[in-house]
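# Per-entry structural report
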Amino acid sequence: MAVQWVLVGHGLLTLLVVISFLCGQWPIFQGTIIERIHHFITFGAYDYFLRFAVVICGSKGRNAILSVENYCCDRPNPILQIIYLAIIGVTYFLIVKSSFSYIPGYYLSGVHRYTSFLAVGVGVLLFLLTSFSDPGTVKAENVSEYLSAYPYDNIIFTEKECSTCKILRPARSKHCRICDRCVARFDHHCGWMNNCIGEKNIRYFMAFLLWHFFLCIYGTITLGLVLAGELKERQVISILTVYYGVENSFYSLSPHVVQWLLSSHNTQILLMVFLAIVSLLLVGFFGYHTHLCLTNMTTNETFKWQDYISWKMKLNEAKASSAALKASIHAMNGEGKPPESKWRMFFRRSSLKNKEVVVKDNIYDRGAFRNLLEIMCPLSGRRSSLYRKLK
């Protein structure tokens with residue numbers, strides 16, 4: 001009984017930490033213990049660690065930690081690439097070690113021994129293609145192609161020079177501080193790829209996400225069929241109902257079946273849970289980027305539009321407040337319209353609520369089909385081929 005309460009407490013504590021880490025900055029949790037836990041996880045723990053390093057090793061220890069942080073977070077490095085290869089390699093090795101002895105089985109043919117290896121190989125190939133392909137580096141030699149491919153909207157993109165590269169920065173591009181280069185149609189810097197995601201490799205990145213989602217689903221279903229085949233071949237249901245007298249219903253059999261699976265095939269179950277969770281993360285990330293592609297937006301532009309709309313709304317509120325202040329001054333001086341009745345003033349909407357609506361005008365959105373075509377066939381490539389024909 002005590003062990004069960006320990007497990008329940010462990011589960012609640014884990015849930016509290018996860019919620020604090022993911023949602024601790026939400027306004028609803030302001031001033032609560034969840035906000036304090038979030039601050040400790042994201043900032044406080046690291047700050048205390050630096051102070052501890054100063055006490056133990058002095059300023060040299062602190063500088064060494066900061067240099068490691070600078071290398072891991074602010075410089076191109078293959079750490080996450082190595083971790084990805086280790087994760088996919090170890091996962092596939094565990095699947096081979098624990099489950100290939102059951103293939104072929106009751107529900108699976110022997111061909112899955114080879115299709116699984118082919119699927120993992122394609123996933124690694126897409127990873128390497130995304131990692132080592134050019135994202136669309138803007139240089140002095142090709143800046144004219146990008147300038148003609150992506151016009152300025154004069155809202156979130158205006159004509160300006162990159163202070164680092166000393167070239168005119170095309171619209172939709174950004175200078176990546178980690179890679180130290182300007183990237184056309186910049187989306188984000190992906191640490192897992194150790195590369196920027198931009199105009200020329202966004203298609204490989206999307207293919208990587210989609211393929212790995214299907215790969216995780218394929219692995220989950222295959223392992224599930226392995227377990228179902230074992231249940232069928234070993235006649236677990238018949239043994240439970242005939243020899244142990246368990247009622248032949250889902251609610252009666254499920255606890256016994258789960259107990260048998262956990263005792264005999266715990267590795268397969270853990271792998272299934274892991275692959276299912278990763279597939280959910282991948283489908284969410286893929287869905288977000290699919291929405292961006294269909295609307296011809298990038299992650300970088302999403303933040304730019306948020307900043308612009310926030311600034312515009314504050315400006316409109318300031319204008320509305322100024323107009324309301326002028327109206328109240330005129331009313332105090334006896335100018336303008338005669339005073340309204342108290343009932344009409346009570347039910348009248350505030351002038352601050354009647355402020356101008358801010359509309360996002362994305363000139364790069366040309367419809368879902370043309371937007372997807374732009375992902376598959378980048379505009380700069382089409383422009384450069386047109387220039388070669390004209391020459």
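Here the structure is a predicted model, which is why all the values come from computation and not from measurement. (Residues numbered from 1 in each chain as written. Predicted model: local features only at pLDDT ≥ 70, side-chain atom pairs only at ≥ 80, totals over all residues. Heavy atoms only, no water.)

What follows deals with the overall build of the chain. When its secondary structure is counted, the chain shows 14 helices and seven strands. The 391 residues of the chain split such that 31% are buried. Put simply, 64% of the contacts in the chain that link residues at least 6 apart link residues at least 24 apart. A total of about 25,100 Å² of accessible surface is found on the chain, and carbon and sulfur atoms cover 66% of it. (Helix = DSSP H or I, 4+ residues; strand = E, 2+ residues; numbered from the N terminus. Buried < 20%, exposed > 50% of the residue type's maximum accessible area, 1.4 Å probe, protein only. Contact = heavy atoms within 4.5 Å. Areas by Shrake-Rupley, 256 points an atom, 1.4 Å probe, with all protein chains shown as cover.)

Right, let's get into the packing of helix α2 (residues 33–57) against helix α3 (residues 59–74). Interhelical geometry of α2 versus α3 gives an angle of 140° and a closest axis separation of 6 Å. Classified by the interaxial angle, the pair formed by α2 and α3 is oblique. Facing Y46, F49, L50, A53, V54 and C57 of α2, the residues of α3 in contact are S59, K60, G61, R62, I65, L66 and E69. The residue inventory of the contact of α2 with α3, partitioned by class, reads eight nonpolar, two polar and three charged. (Axes fitted to C-alpha atoms, helices over the stretch in contact; angles between N-to-C directions. Parallel < 35°, antiparallel > 145°, perpendicular 65-115°, else oblique. Nonpolar A, V, L, I, M, F, W, Y, C, P; charged D, E, K, R; others polar.)

This next bit is on the pattern of salt bridges. Scanning the model with the defined rule gives six salt bridges in all. Across the salt bridge formed by R172 and E301, the nearest N and O atoms sit 2.5 Å from each other. With R172 in the loop between β3 (168–169) and β4 (174–176) and E301 in helix α11 (residues 299–332), this residue pair connects regions lying 129 residues apart in the sequence. Among the ionic pairs, R185 bridges to E374, the shortest N-O distance being 3.7 Å. With R185 in the loop between β5 (181–183) and β6 (188–190) and E374 in helix α13 (residues 368–376), this pair connects stretches of sequence that are 189 residues apart. Each of the salt bridges in this network shares a partner with another, and the network as a whole consists of R172, R185, E301, R366 and E374. (Salt bridge = Lys/Arg side-chain N within 4 Å of Asp/Glu carboxyl O.)

Looking now at the nonpolar core. Among the nonpolar cores identified, the biggest contains 30 residues, and I95, M193, I202, F205, F208 and L209 are the most heavily contacted of them. Among the secondary structure elements, those contributing two or more residues to this core are α4 (79–99), α5 (112–132), α7 (202–233) and α10 (266–294). No other element matches α7, which puts ten residues into this core. Excluding residues within four positions of it along the chain, I95 makes contact with F100, L223, L271 and L275. Within the second largest apolar cluster, 17 residues are counted, among which are V143, A149, W305 and L379. (Core = buried A, V, L, I, M, F, W, Y, C linked by side-chain atoms within 4.5 Å.)

On to the packing of aromatic side chains, then. In total, this model carries twelve aromatic pairs according to the counting rule given. An angle of 70° between the planes, with centres 6.4 Å apart, marks the rings of F157 and Y364 as edge-to-face. In this pair, F157 is assigned in the loop between α6 (143–149) and β2 (160–161) and Y364 in the loop between α12 (342–347) and α13, connecting sequence segments 207 residues apart. Assigned by exposure class, F157 and Y364 land together as buried. Connected via pairs of aromatic rings, a cluster forms that spans Y84, F127 and F208. Stacked on the ring of Y364, the Lys or Arg R172 has its end atom at 4.6 Å from the ring centre. (Phe/Tyr/Trp six-rings, centres within 6.5 Å; stacked < 30°, edge-to-face > 60°. Lys NZ or Arg CZ within 6 Å of the ring centre and 35° of its normal.)

Here α4 contains 21 residues, and its C-alpha end-to-end distance of 30 Å stays within 8% of the 30 Å for a straight helix at 1.5 Å per residue. Those residues of α4 that fall on the buried side of the exposure criterion are Q81, Y84, I88, T91, Y92, I95, S98 and S99. Seen along its axis, α4 keeps its buried residues to an arc of 165°; they face one direction. For α4, exposure combined with an orientation more than 90 degrees from the buried face picks out I82, F93 and K97. Elements that come into contact with the buried residues of α4 comprise α5, α7 and α10. (Expected span 1.5 Å × (residues − 1). Arc of directions from axis to C-beta.)

Within the secondary structure layout, N362 lies in the loop between α12 and α13. Among the polar contacts listed, one links the side chain of N362 to the backbone oxygen of N296, at a separation of 3.3 Å. When sequence neighbours within four positions are dropped, the list of residues in contact with N362 reads T295, N296, M297 and W305. (Polar contact = N/O pair within 3.5 Å; in protein donor to acceptor, adjacent residues only side chain to side chain.)

On to the confidence of the model for the chain. Across the chain, the average pLDDT comes to 85, with 88% of residues at 70 or higher. Note that residues 386–391 has pLDDT below 50 and, in this model, two contacts with residues that lie over four places away or in other chains. (pLDDT = per-residue confidence, 0-100.)

Cis rather than trans, the peptide bond between I103 and P104 has omega equal to 5°. Following the sequence through the fold, P104 ends up in the loop between α4 and α5. Despite not being glycine, N154 shows a phi value in the positive range, around 55°. By secondary structure assignment, the location of N154 is in the loop between α6 and β2. Note on N154: relative accessible area 59%, which makes it exposed. Within the chain, N296 stands out as a residue other than glycine whose phi angle is a positive 55°. Following the sequence through the fold, N296 ends up in the loop between α10 and α11. For N296, a relative accessible area of 0% gives the class buried.

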